[in-house]
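# A closer look at the structure
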Amino acid sequence: MTEDKISSAAAALDLKDGQQQQPSQVQGPERPSVGDTIAAMMPELSPGRAMTSGMTLDETLADLKKSPLFMDELDMENEDVKALQALAYEGTPLENAANFKEQGNECFREKRWFDAKEFYGKGIAILADEETKRKRKAAGLPPLPTATAQQKQQKEGADSKLTKEDEAQVDALDAKQSVGKEFKLAESKKDQEQEKENKQEEEEDPADIPKQLALLEQLYVNRAACHLELKNYRSCTLDCAHALRLNPRNIKAFYRSSKALLAVSRVEEALDSCTRGLQIDPSNKALQQISSEITKKAAQVSAKKAAEDALLAKQSHEQRLLETALKARNILPRKSTGKPPDMEDAHVCLVPDPSDPQSTLAFPTLLLYPLHYESDFIKAFNEMESLEQHFGYVFPLPWDREGIYSANGVECYMETVSGGLVKVGKKVPLLKVLGGGNVEVVDELLKIFVVPRGKAEAWVKDFKEKNKKGGNWKGK
């Protein structure tokens with residue numbers, strides 16, 4: 001507010017510094033207050049500001065968020081959003097699809113692959129829908145119901161149900177009935193306009209059909225390029241296939257399909273696609289380059305397969321030699337019905353060369369101390385070695401505080417096929433114990449019980465009693 005306006009307001013109210021207003025002798029009209037006078041001098045609010053003048057800050061923000069420009073999340077039921085969406089589909093299908101293609105091209109130039117893919121997809125949806133309509137019409141099938149028709153059916157059903165349930169209330173509210181009639185008339189007019197548009201769409205210009213198909217082909221190829229950049233290789237090949245159905249001589253479709261197939265190591269299919277493209281355009285540099293890459297990849301794949309085949313053949317040969325060696329020594333291997341133990345890379349094998357029949361057998365072995373619930377693992381117990389040789393580095397045991405375990409102070413046992421026990425001499429080679437046919441190698445693991453000599457007799461007796469009762473020995 002300027003100084004002149006403030007001075008005028010003060011003069012109008014006869015206010016002076018240090019003076020009190022004297023009562024008028026003549027009773028005139030009541031003078032306005034200072035606030036009213038100043039408010040009268042203020043300019044009028046704009047229409048938009050006037051709508052929110054009585055709102056709090058939170059209410060104003062909430063009102064702003066109803067506009068698509070200020071929405072945190074897109075509300076698909078918002079009328080303004082629906083209106084903006086409708087703008088994109090105001091033209092003919094060909095014009096709308098071409099518009100989406102241009103938007104996609106702009107995004108593609110800016111390397112916004114995902115956005116470009118979405119725009120191309122919208123154009124494809126429009127033209128693919130038109131192609132479906134033509135095919136149904138040619139086959140004598142009725143057109144598929146539009147979304148508007150489905151919504152109308154749902155609305156009519158809801159209105160009918162509402163009228164039956166609330167007939168008494170509707171009769172009592174004449175004003176609301178009047179509004180409802182006007183709304184239904186507007187809806188009816190809208191439906192008539194939609195039907196008119198549908199009839200116009202059915203009577204499309206035949207000259208537009210080749211243009212639509214050519215544009216649809218371009219959209220598929222362009223979207224395939226987006227999928228290629230996004231590494232959606234399967235989607236890329238599918239779009240290329242759609243484009244080739246429309247035009248079997250589309251070089252870009254052959255190139256992008258070859259590149260996508262090569263990326264997922266489907267070398268034979270990539271080569272086939274590339275070869276077909278080169279048959280159409282032998283001088284195409286892009287196809288020539290991808291052909292060279294496919295040739296290199298094919299050589300790598302071939303070499304890798306040859307190496308894998310050689311490894312499988314070697315492993316098969318070693319397995320046959322191992323089975324032969326076990327059978328020749330009368331050693332009984334068996335697979336249990338439960339889960340085999342996790343021994344990492346330890347297994348029964350021929351050493352030092354698994355491919356040499358003259359090699360000796362080595363067995364993963366578990367030394368069990370049942371009276372103390374402890375154990376030791378020997379990764380490769382050679383068939384020519386004895387327990388005494390391994391006891392040399394196993395004893396003394398770190399947890400044996402009593403000192404009752406030593407090479408000369410223990411007895412060793414193995415479980416037999418029948419569930420009994422056989423004593424294992426500490427100086428006897430392992431092959432002599434296993435070759436008797438009385439002991440099995442279960443899940444490629446040998447188990448040897450090690451018991452202090454003074455407690456061996458009682459442990460053996462307890463073990464046998466447990467087995468007779470069908471239980472497992474747990475020590476005492």
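Notes on the structure in this doc start here. Residue positions are counted from 1 within each chain, in the order its sequence is given. Only residues with pLDDT of 70 or above have their local features reported here, since the model is predicted, and side-chain atom pairs are shown and tallied only from 80 upward, although totals for entire chains, interfaces and linings are computed over all residues. The basis for every side-chain value is the complete set of heavy atoms in the structure, and neither hydrogens nor water enter the calculation.

### Details of the packing of aromatic side chains
Each aromatic ring pair is summarised here by two numbers: the centre-to-centre distance and the angle between the ring planes. When two rings of Phe, Tyr or Trp (its six-membered ring) have centres within 6.5 Å they constitute a pair, described as stacked for plane angles under 30 degrees, edge-to-face for angles over 60, and tilted for the intermediate range. Taken as a whole and assessed by the stated rule, the structure comprises 10 aromatic pairs. Geometrically, the ring pair formed by F100 and F119 is stacked, given 6.5 Å between the ring centres and 25 degrees between the ring planes. Separated by 19 residues along the polypeptide, F100 in helix α6 (residues 93-109) and F119 in helix α7 (residues 113-138) bring together distant segments of the chain. Between Y369 and Y405 the ring centres are 5.5 Å apart and the planes differ by 80 degrees, which places this aromatic pair in the edge-to-face class. One end of the pair, Y369, is in strand β3 (residues 360-369); the other, Y405, is in the loop between α16 (387-394) and β5 (410-415), with 36 residues separating them in the sequence. Comparing Y369 with Y405, the two get one shared label, buried. Cluster of aromatic residues (ring-pair linked, three or more members): Y413, F449, W459 and F463. Numbering goes from the N terminus for both helices and strands, where a helix is a DSSP run of H or I of at least four residues and a strand is a run of E of at least two. Buried, partly exposed and exposed residues are distinguished by accessible area as a fraction of the type maximum, computed with a 1.4 Å probe on protein chains only: under 20%, between the cut-offs, and over 50%, respectively.

### A few points about the packing of helix α11 (residues 208-229) against helix α12 (residues 233-246)
All axes here are fitted lines through C-alpha atoms, helices being fitted over the stretch that makes contact, and every angle between N-to-C directions spans 0 to 180 degrees. The geometry of α11 relative to α12 is characterised by a closest axis approach of 8 Å and an angle of 160 degrees between their N-to-C directions. By the criterion of interaxial angle, the relationship of α11 to α12 is roughly antiparallel. Helix-helix and strand crossings are classified by hand; for α11 and α12 the assignment is left-handed. Every residue of α12 that contacts α11 at L213, L216, E217, Y220, V221, R223, A224, H227 and L228 is listed here: Y233, S235, C236, D239, C240, H242, A243 and L246. Residues are grouped as follows: Ala, Val, Leu, Ile, Met, Phe, Trp, Tyr, Cys and Pro are nonpolar; Asp, Glu, Lys and Arg are charged; every other residue, Gly included, is polar. For the contact of α11 with α12, a count of residues per class yields 11 nonpolar, 3 polar and 3 charged. Roughly parallel here means an angle under 35 degrees, roughly antiparallel means over 145, roughly perpendicular means 65 to 115, and every remaining angle is called oblique. Crossing handedness follows the turn of the near helix against the far one: under a right angle anticlockwise gives a left-handed crossing, and clockwise gives a right-handed one. Whether two residues are in contact is decided by their heavy atoms, any of which lying within 4.5 Å being enough.

### Points about the side chain of N382
Mapped onto the elements of the fold, N382 is located in strand β4 (residues 374-382). Counting of polar contacts relies on pairs of N or O atoms within 3.5 Å, with two restrictions inside protein: one atom must be capable of donating a hydrogen and the other of accepting it, and residues adjacent in sequence are counted only when both atoms are side-chain atoms. Side chain to side chain, N382 and T360 meet in a polar contact 2.9 Å long. Residues in contact with N382, not counting those within four places in the same chain, are V351, T360, L361, A362 and L430.

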